[in-house]
Amino acid sequence: MLEVTHNELNEICDALESRLGIRFHHYARASLKRRIERFINLKNRKPDSLIKEIKKSSDYAQQVVNAITVNVTEMFRNPEFFAAMQKEVFPHFQKAESISCWHAGCSSGEEVYSLAILLQEHGLLKKSKLTGWDLNPEMIAKAQRGSISERQLNAFLDAYFLANGQSHLQDYFTTRSGVSFLHPEIIQSCCFEAGNILNMKNPEDFDMILCRNTLIYFDLALQDEVVKVFYENLKPGGFLCLGEKESIRFTSFANRFEELDPVNKIFQKRIDDDVE
Ligand SMILES: C[S@@+](CC[C@H](N)C(=O)[O-])C[C@H]1O[C@@H](n2cnc3c(N)ncnc32)[C@H](O)[C@@H]1O
């Protein structure tokens, strides 16, 4: 079993940063080490040869990134959050001319499609644009296909119900030979791109940003930078939604948001506030 030392892990992070501009130094160390070790064992490569290869080729560096990102996701994950969002956020959207949402760290798109379905049920989807970004282009390609296995779909039925879904989740899919395809009217409001959260530059463009179950992989310095990006890209009064174990409490932006729902981690950007 091949292992990576502390110094080798630092060198791998340096090499990835100079190749792709992604700063894995600020990612949770234990999970990063585990995933790099799994990759080198699978490929039967020593750490020094991995480092050389990353330095030589951006494609190879991207393969490493794809292997180390944690992409676990579900439709209507933590359904109580989706129920709370409909109650607390959707009423603000009723009068808006358009609604723009960004899923930062969208993985294979299940969270984006969950939101799109609920917006549809509230008559809001036609004026909405949902943008999903992820570091991992393989996940983005999967999200763009808009299909899941029938088995997965069946596993999400309870969560949809608990999220206060108003119909039957199956009604939004057509299933053939064990594959369930999302209907085009849901897919067409969603667009997916491979990108690093830190590179978003649409100042005050978004009505809502969801970044759920992603901040937990970042150290406090990176969380602070990322929340600054969210702050700058949200409209005044816009909403920020985090995962159940995440918070902005320890970032320098804590006072720039109202805690609208502390349990379901829904925050609202204060209206008359500017970043110095
Ligand atoms: C655990 S998944 C969460 C997916 C979804 N938000 C959910 O809660 O089900 C975290 C995702 O964040 C992505 N990610 C990590 N760092 C990122 C960054 N700097 N920019 C964009 N995506 C990132 C990972 O590739 C991964 O797909």
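Only a predicted model underlies this, so the values are computations on that prediction, with no experimental measurement involved.

**Concerning the site of the ligand**
Phase 1: As a structural note, the neighbourhood of the ligand is formed by 19 residues, with Tyr-27, Asn-71, Thr-73, Asp-134 and Asn-213 the closest of them.
Phase 2: At a separation of 2.6 Å, an oxygen atom of the ligand approaches a polar side-chain atom of Thr-73.
Phase 3: In the complex, 97% of the free accessible area of the ligand, which totals 610 Å², lies under the protein chains.
Phase 4: For the ligand, the cavity whose grid points lie within 2 Å of the majority of its atoms is the largest pocket.
Phase 5: Across the shell around the ligand, the residue classes break down as six nonpolar, nine polar and four charged.

**Details of the sheet that holds strand β5 (residues 179–182)**
Phase 1: Here we have three strands laid out as an open sheet, ordered β3-β5-β4, and antiparallel in their pairing. Every other strand in the sheet has two partners, leaving β3 (147–149) and β4 (173–176) as the edge strands with one partner each. Going across the sheet, the axis of each strand differs from the next one's by a mean of 25 degrees, ignoring polarity.
Phase 2: Pairing geometry for β4 and β5, over four bridges, is antiparallel.

**Concerning the packing of aromatic side chains**
Phase 1: This model, assessed by the stated rule, comprises 14 aromatic pairs.
Phase 2: Look at Phe-81 and Phe-82: their rings are 5.0 Å apart centre to centre, the planes differ by 70 degrees, and that puts the pair in the edge-to-face class. Exposure class is identical for Phe-81 and Phe-82. Each is buried.
Phase 3: Taking 5.7 Å as the distance between ring centres and 25 degrees as the angle between the ring planes, the aromatic pair formed by Trp-102 and Phe-206 counts as stacked. Placement of the pair is Trp-102 in strand β1 (residues 99–104) and Phe-206 in strand β7 (residues 206–211), with a sequence separation of 104 residues.
Phase 4: Accessibility expressed as a relative area gives 0% for Trp-102, which makes it buried.
Phase 5: Site record: aromatic cluster; members linked through ring pairs are Phe-76, Phe-81, Phe-82 and Tyr-160.
Phase 6: Its guanidinium or amino end placed over the ring of Tyr-231, Arg-256 lies 5.8 Å from that ring's centre, counting from NZ or CZ.
Phase 7: The positively charged end of Lys-269 is found above the aromatic ring belonging to Tyr-231, 4.2 Å away from the centroid.

**Considerations on the domain arrangement of the chain**
Phase 1: Each domain of the chain was delimited in the assignment, giving domain 1 (6–68) and domain 2 (79–269).
Phase 2: Computed from C-alpha coordinates alone, the two centres of domain 1 and domain 2 are separated by 29 Å.
Phase 3: Taken together, the twelve residues of domain 1 in the interface contact twelve residues of domain 2.
Phase 4: Carbon and sulfur atoms make up 51% of the area that domain 1 and domain 2 hide from each other, which totals about 960 Å².
Phase 5: When the buried surface of domain 1 facing domain 2 is broken down by residue, His-26, Tyr-27 and Asn-66 rank first, second and third, together holding 52% of it.
Phase 6: For the pair domain 1 and domain 2, the number of links is one salt bridge.

**Some points on the sheet that holds β7**
Hydrogen bonding along the main chain pairs the strands of a sheet, whether they run parallel or antiparallel.
Phase 1: Overall, mixed pairing links the seven strands, which are arranged β6-β2-β1-β7-β8-β10-β9 in an open sheet. In the strand order of this sheet, the two ends are held by β6 (190–194) and β9 (257–261), each with one partner. In this sheet, neighbouring strand axes are inclined to one another by 20 degrees on average, regardless of whether the strands run parallel or antiparallel.
Phase 2: Strand direction decides the pairing type here: β9 and strand β10 (residues 266–269), joined by four bridges, are antiparallel. Each bridged residue has a counterpart across the sheet, and for Asp-261 the counterpart in β10 is Ile-266.

**What about the pattern of salt bridges?**
Close approach of charged atoms lets side chains of opposite charge pair.
Phase 1: With the rule as written, the count across this model stands at ten salt bridges.
Phase 2: In this structure, Lys-235 and Asp-207 form a salt bridge, with 3.0 Å as the shortest nitrogen-oxygen distance. One end of the pair, Lys-235, is in strand β8 (residues 234–242); the other, Asp-207, is in strand β7, and 28 residues separate them in sequence.
Phase 3: Lys-235 sits in the partly exposed class, given a relative accessible area of 26%.
Phase 4: Taking the relative accessible area as the measure of exposure, Asp-207 reaches 11% and is therefore buried.
Phase 5: We note a salt bridge from Lys-228 to Glu-232, for which the minimum N-O separation is 2.8 Å. Separated by four residues within a single helix, Lys-228 and Glu-232 lie in helix α12 (residues 220–233), roughly one turn from each other.
Phase 6: Each of Arg-45, Glu-53 and Lys-56 takes part in one network of salt bridges that share partners.

**As for the layout of surface pockets**
Phase 1: Taken as a whole, the largest pocket spans an internal volume of roughly 540 Å³.
Phase 2: For the largest pocket, the lining is made up of 35 residues, of which Val-70, Gly-105, Asp-134, Thr-214 and Tyr-217 are closest to its centre.
Phase 3: Elements with a contribution of two residues or more to the lining of the largest pocket: α2 (29–43), β2 (128–134) and α12.
Phase 4: With three residues, the top contributor of residues to the lining of the largest pocket is α2.
Phase 5: Of the residues that constitute the lining of the largest pocket, the class distribution is 19 nonpolar, ten polar and six charged.
Phase 6: Two domains share the lining of the largest pocket, each providing at least three of its residues, namely domain 1 (6–68) and domain 2 (79–269).

Basis of the calculations
Residues numbered from 1 in each chain as written. Predicted model: local features only at pLDDT ≥ 70, side-chain atom pairs only at ≥ 80, totals over all residues. Heavy atoms only, no water. Near = heavy atom within 4 Å. Polar contact = N/O pair within 3.5 Å; in protein donor to acceptor, adjacent residues only side chain to side chain. Areas by Shrake-Rupley, 256 points an atom, 1.4 Å probe, with all protein chains shown as cover. 1 Å grid on protein atoms, 1.4 Å probe; cavity = no way out; pocket = protein on both sides within 12 Å on 5 of 7 lines; lining within 4 Å. Sits in = over half its atoms within 2 Å of the grid points. Nonpolar A, V, L, I, M, F, W, Y, C, P; charged D, E, K, R; others polar. Pairing = 2+ DSSP bridges. Helix = DSSP H or I, 4+ residues; strand = E, 2+ residues; numbered from the N terminus. Axes fitted to C-alpha atoms, helices over the stretch in contact; angles between N-to-C directions. Phe/Tyr/Trp six-rings, centres within 6.5 Å; stacked < 30°, edge-to-face > 60°. Buried < 20%, exposed > 50% of the residue type's maximum accessible area, 1.4 Å probe, protein only. Lys NZ or Arg CZ within 6 Å of the ring centre and 35° of its normal. Domains from an automatic or database assignment. Contact = heavy atoms within 4.5 Å. Buried area = accessible area lost by both parts, 1.4 Å probe. Salt bridge = Lys/Arg side-chain N within 4 Å of Asp/Glu carboxyl O. Points joined across faces, edges and corners; volume = space filled by probe spheres on them.

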